[in-house]
Amino acid sequence: EAATGPLPGDSRVDALIEAAYAHAATHHEGTVADYIPALATADPAQFGLSLVDVHGGTHEAGDAAALFSIQSISKAFVYALLCDAVGHEAALATVGVNNTGLAFNSVVAIELNGGHPRNPMVNAGALATTALIPAASPERRWLTIQHGLSRFAGRALELDDAVYASEMAANQRNAAIAQLLESYGRIRVDPAGVVDVYTRQCSLLVSAHDLAVMGATLADGGVNPVTGERVVSAEVARDTLAVMSASGMYENSGEWLFEIGLPGKSGVAGGIVCVAPGKGGIATFSPPLDAAGNSVRGQIATAYLSRALGLNLFASS
Ligand code: GLN
């Protein structure tokens, strides 16, 4: 079968999706996140895999339609909305682009950098990003973010009320980070409102399929290949992918880049989105996580596909 786009023919991709899924499914390491009580009830056996190419072609296996909270994966897409709103220079100056080398919810990382949040893929930078989204009130900011992420997904994303309530009740650390940013003058709106909007954005329900469409939109220079809508500019998509490459997998971002060679972003509910620029988005959902908070099966399945499809950005052929 001839290739019809930037990837091999459909039957070849389908076979590789099945093989990646079967290979990763043999792994049972990792633990489900429990610091947000509602996440501890996730079924560790759930596993979904979805690839959406830049023409909207879809290849899936397992629980690709199962819904889970997007969590930290929202950080990449809200950052894209911020870059679109304020531009390259302002995003660089206010949120930064360098890896912290520390855990996603590190307070030390903020102190070590004079209060600078460092990058948008860790909680400090994500809280700053949310705070900087132009809006007249926290409620308007939330609606802007919900609408923007829905345009990336190509459908109206909804809140998981139970996950939101559970994280709000266990959110002392993010509240502390937001107040620390305020104390350094890095955010200039009410930190409690910022934490509320950030927690809502993390509680949006997505499937692996939704995440693959969102990733394919970044792969496609900011145009959603399913709806045809331009969500962000090509420059914003490029800048977002650069930041995901440097810091999307927290302190394991170097290992991820070494093994997979593509920008990716993980969330503690077990999702990962990975982007092959000009080719498509790959997303996985499997709740058991490694020590850095990245899905174990998701990393294994994505590494398999990156190699089998020749997607590593650093390979010369
Ligand atoms: N909502 C979570 C938090 O702020 C997201 C963390 C994550 O997915 N790594 O702690």
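None of the values given here were measured: they were computed from a predicted structure.

1. Some remarks on the site of the ligand
No. 1: Around the ligand, a shell composed of Gln71, Ser72, Phe104, Asn105, Asn123, Glu167, Asn174, Cys202, Gly267, Val268 and Gly293 is seen.
No. 2: In terms of residue class, the shell around the ligand is made up of 3 nonpolar, 7 polar and 1 charged.
No. 3: Here the shell around the ligand spans two domains, since at least three of its residues come from each of domain 1 (10-70 + 205-308) and domain 2 (74-202).

2. What to know about the domain arrangement of the chain
No. 1: As far as domains go, the chain holds domain 1 (10-70 + 205-308) and domain 2 (74-202).
No. 2: Taken over C-alpha atoms, the centre of domain 1 sits 21 Å from the centre of domain 2.
No. 3: Counting residues at the interface gives 34 residues for domain 1, matched by 32 residues for domain 2.
No. 4: Elements with a minimum of two residues in the side of domain 1 that touches domain 2: strand S4 (205-206), helix H10 (208-219) and helix H11 (234-247).
No. 5: Per-element accounting of the side of domain 1 that touches domain 2 gives the leading share, 9 residues, to H11.

3. Re the packing of helix H8 (residues 172-183) against helix H9 (residues 191-202)
No. 1: Between H8 and H9, the shortest axis-to-axis distance is 9 Å and the interhelical angle comes to 135°. Considering their axes alone, H8 and H9 lie oblique with respect to each other. The handedness of the crossing between H8 and H9 comes out as right-handed. Contacts between H8 and H9 involve Asn174, Ala175, Ala178, Gln179 and Glu182 on the former and, on the latter, Pro191, Val194, Val195 and Tyr198.

4. Considerations on the pairing of strand S6 (residues 271-276)
No. 1: Within S6, 6 of the 6 residues are buried, which leaves the element mostly enclosed by the surrounding structure.
No. 2: Where burial is concerned, the two faces of S6 agree: the one with Gly271, Val273 and Val275 and the one with Ile272, Cys274 and Ala276 are both buried.
No. 3: Connecting strand S5 (residues 264-266) to the antiparallel partner S6 that follows it, the hairpin turn spans 4 residues, and Gly270 within it adopts a positive phi of roughly 110°.
No. 4: Pairing between S6 and strand S7 (residues 280-285): 6 bridges, direction antiparallel. Counted as the bridge partner of Ala276 is Gly280 from S7.
No. 5: Between the end of S6 and the start of S7, which pair antiparallel, lie 3 residues, with Gly278 showing a positive phi angle near 75°.

5. Digging into the sheet that holds strand S2 (residues 58-62)
No. 1: Read from one edge of the open sheet, 5 strands run S2-S1-S7-S6-S5, paired in antiparallel fashion. Unpaired on one side and paired on the other, S2 and S5 mark the two borders of the sheet. Averaged over all neighbouring strand pairs, the angle between strand axes comes to 10°, with direction disregarded.
No. 2: Across the sheet, helix H2 (residues 73-86) touches S5 and S6, and the angle it forms with S5 is around 125°.
No. 3: Contacts from H10 reach strand S1 (48-53), S2, S6 and S7, with the element oriented near 155° to S7.

6. Topic: the pairing of S7
No. 1: With 6 of 6 residues buried, S7 lies mostly within the body of the structure.
No. 2: A two-sided burial pattern is seen for S7, the buried positions comprising Gly280, Ile282 and Thr284 on one face and Gly281, Ala283 and Phe285 on the other.
No. 3: Two elements, S1 and S7, share 6 bridges in a ladder whose sense is antiparallel. Of the residues in S7, the one forming a bridge with Leu51 is Ile282.

7. What to know about the nonpolar core
No. 1: Core analysis: the biggest nonpolar cluster contains 101 residues, and Ala80, Leu127 and Ala212 have the highest contact counts within it.
No. 2: Each of domain 1 (10-70 + 205-308) and domain 2 (74-202) contributes no fewer than three residues to this core.
No. 3: With sequence-adjacent residues up to four places away left out, Ala212 is seen in contact with Ser50, Leu51, Val52, Gly281, Ile282 and Ala283.

8. A few points about helix H6 (residues 138-153)
Because the α-helix completes a turn every 3.6 residues, residues three or four places apart line up on one side.
No. 1: Here H6 contains 16 residues, and its C-alpha end-to-end distance of 22 Å stays within 8% of the 22 Å for a straight helix at 1.5 Å per residue.
No. 2: Those residues of H6 that sit buried are Arg141, Trp142, Ile145, Gly148, Leu149, Arg151, Phe152 and Ala153.
No. 3: Immediately downstream of H6, the backbone of Gly154 shows phi near 80°, a positive value.

9. Looking at the packing of helix H1 (residues 10-25) against helix H13 (residues 296-308)
No. 1: H13 packs onto H1 with a crossing angle of 145° between their chain directions and a minimal axis gap of 9 Å. Here H1 and H13 pass one another in a crossing that is right-handed. Contacts between H1 and H13 involve Leu16, Ala20, Tyr21, His23, Ala24 and Ala25 from the first element and Arg297, Ile300, Ala301, Tyr304, Leu305 and Ala308 from the second.
No. 2: Split into classes, the residues belonging to the contact of H1 with H13 amount to 10 nonpolar, 1 polar and 1 charged.

Conventions adopted
- Residues numbered from 1 in each chain as written.
- Predicted model: local features only at pLDDT ≥ 70, side-chain atom pairs only at ≥ 80, totals over all residues.
- Near = placed C-beta within 6 Å.
- Nonpolar A, V, L, I, M, F, W, Y, C, P; charged D, E, K, R; others polar.
- Domains from an automatic or database assignment.
- Contact = placed C-beta atoms within 7 Å.
- Helix = DSSP H or I, 4+ residues; strand = E, 2+ residues; numbered from the N terminus.
- Axes fitted to C-alpha atoms, helices over the stretch in contact; angles between N-to-C directions.
- Parallel < 35°, antiparallel > 145°, perpendicular 65-115°, else oblique.
- Left-handed = near helix turned anticlockwise from the far one by under 90°.
- Buried ≥ 20, exposed ≤ 12 C-beta atoms within 10 Å, placed from the backbone.
- Pairing = 2+ DSSP bridges.
- Core = buried A, V, L, I, M, F, W, Y, C linked by C-beta atoms within 7 Å.
- Expected span 1.5 Å × (residues − 1).

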